[in-house]
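Below are the chains, spelled out letter by letter.
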Amino acid sequence: MKPVCVVLFAILAAVPVLAHHAGAGFSQETKVITGTVKQFQFLNPHSWIQVNVTDDAGKVVEWSLEWGSPNELGRQGIRPSTFPAGARVTFKIRPVKSGAPVAAFQAAKFEDGHIIGKWEGDADGQ
Amino acid sequence: MNGTRLVTCVALSVGFVLTQGMGYGQSTALTPFDKLPDWSGLWMMMGGTVFDTATQTGKGGVLTHGLREHPPYAELYEKKYEEHLARRDVDRFPDVITNCGVPVGYPRIMNLPDGYEFLVRPDEFYIITENGPNTMRVYTDGRPLPKKEDTWGTYTGVSVGHWEGDTLVWETIGLKGDRDNDSILDRTGLVLSDAAHITTRMRKINDNTLQAVLTIEDSKALTKPWVVTKQFRKQKPGLFMYDYGCAENNRNPVNTATGETLILGADGKPVK
């Protein structure tokens, strides 16, 4: 079995996701979702990761995960190829309070074990 | 014309020509390049994007009403601020830059995420930010500040400064303040009036830290001067700055009728 390589990019957790606008609509609680990346919009004023997630009923829901400006993310090593379409990824997110499939990105864990952002503790913000 | 009068005439003429050639932008008091401090590199603002000393001391609660150090507001502006906070709490106080249309102005340009460059020339100093993007100019060529009646209120105002050793000192007037309800200091709703007069002192406090101390006076909004500090940390060498197209993929437009900041979902329609 190949050793799992885990690389932490902890500093990325400090990137101010909500710089362009106020973040009052996002919950303070975190949630974990797993899905397939559809698109990584590496654009200003905010990057967005579009992820297809299959819910418990078998329905595919497209989540929109908001992240920071590519300017600072780019200086920290993030590239348009960081979230390739088709990649299966588990995300730690702060969803909007309304329950819509939109959230603020916190961290991501890939199938090979590498991590983007700060992944601490278990799911649901514990 | 006798000899004395001729000499006098020539001397006066030469003097006239020389003074006409000077005007703005030419001063014998310019600090030469080799005497100016080195503020080169890419810098990032330290602390949160909220304008008060609490963010510098880690007291926290920068987005929570009641835990911040309020400016010494006069009664009318304290009421405005309380109203802004209340609207902010229900997402009805949008950040004016969210619709990507206006500069952040001064002093908010000292309060942004993403990269900064501080360009120092003998006759002028520039603050250039990625976020926005935004630019501020401080004229250090010896010109005076314009008279108040020769300003008309802009987001960033007019700034004139001089060097005191390694410290750049400048004054800013001609700010629009809250006149058109489109200029804030931060997204909690801090505002100033069009009477604001800001004196800034900026210098390196160590090799990797630039510090700006702003003394904000405002005869309409403040009961006394309000002193705030912002610091900037130098980033590792070799990094690039990039452009910033605020409208490139703005999925957070403001509903201008309600003041609500929207989030556009995958289908481009608002979700909430």
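For the structure, check the block above.
Residues numbered from 1 in each chain as written. Chains lettered and ligands numbered in written order. Predicted model: local features only at pLDDT ≥ 70, side-chain atom pairs only at ≥ 80, totals over all residues.

### Quick look at the overall build of chain A
Alright, step 1. When helices and strands are counted, chain A shows one helix and six strands.
Alright, step 2. Along the chain direction, N to C, the helices and strands of chain A fall in the order β-β-β-α-β-β-β.
Alright, step 3. With 126 residues in all, chain A has 39% of them scored as buried.
Alright, step 4. Within chain A, counting contacts between residues at least 6 apart in sequence, those at least 24 apart form 59% of the total. (Helix = DSSP H or I, 4+ residues; strand = E, 2+ residues; numbered from the N terminus. Buried ≥ 20, exposed ≤ 12 C-beta atoms within 10 Å, placed from the backbone. Contact = placed C-beta atoms within 7 Å.)

### A short note on the interface of chain B and chain A
Alright, step 1. Opposite the 27 residues of chain B that make contact, chain A presents 25 residues.
Alright, step 2. Residue classes in the side of chain B that touches chain A are distributed as eight nonpolar, 10 polar and nine charged. (Nonpolar A, V, L, I, M, F, W, Y, C, P; charged D, E, K, R; others polar.)

### Thoughts on the environment of proline 95 of chain A
Residue and element names in this part refer to chain A.
Alright, step 1. Relative to the elements of secondary structure, proline 95 occurs in strand β4 (residues 88-95).
Alright, step 2. Since 20 C-beta atoms lie within 10 Å of it, proline 95 is described here as buried.
Alright, step 3. For the pair proline 95 and glutamate 29, spaced 66 residues apart in sequence, the C-alpha to C-alpha distance is 7.8 Å.
Alright, step 4. Sequence-distant contacts of proline 95, defined by excluding residues within four places in its chain, comprise Ser27, Lys31 and Ala103.

### Here we look at the nonpolar core
Alright, step 1. Core analysis: the largest hydrophobic core is formed by 40 residues, its most contacted members being Ile109, Leu192, Leu210 and Ile216 of chain B.
Alright, step 2. Sorting the residues of this core by element identifies β1 (43-45), β2 (115-120), β3 (124-129), β4 (134-139), β6 (167-173), β7 (196-206), β8 (209-218) and β9 (226-234) of chain B as the ones contributing at least two each.
Alright, step 3. Considering each element in turn, this core owes the most residues, four residues, to β8 of chain B.
Alright, step 4. If sequence neighbours within four positions are ignored, leucine 192 of chain B has contacts with Leu175, Gly177, Asp178, Leu185, Ile216, Asp218 and Ala221 of chain B.
Alright, step 5. Core analysis: the second largest hydrophobic core is formed by 22 residues, Val37, Trp63 and Val102 of chain A together with Leu262 of chain B among them. (Core = buried A, V, L, I, M, F, W, Y, C linked by C-beta atoms within 7 Å.)

### Thoughts on helix α3 (residues 75-89) of chain B
Alright, step 1. Helix length check: α3 of chain B, at 15 residues, gives a terminal C-alpha distance of 21 Å against a target of 21 Å (1.5 Å per residue), a fit within 8%.
Alright, step 2. Just downstream of α3 of chain B lies aspartate 91 of chain B, where phi reads positive at about 55°. (Expected span 1.5 Å × (residues − 1).)

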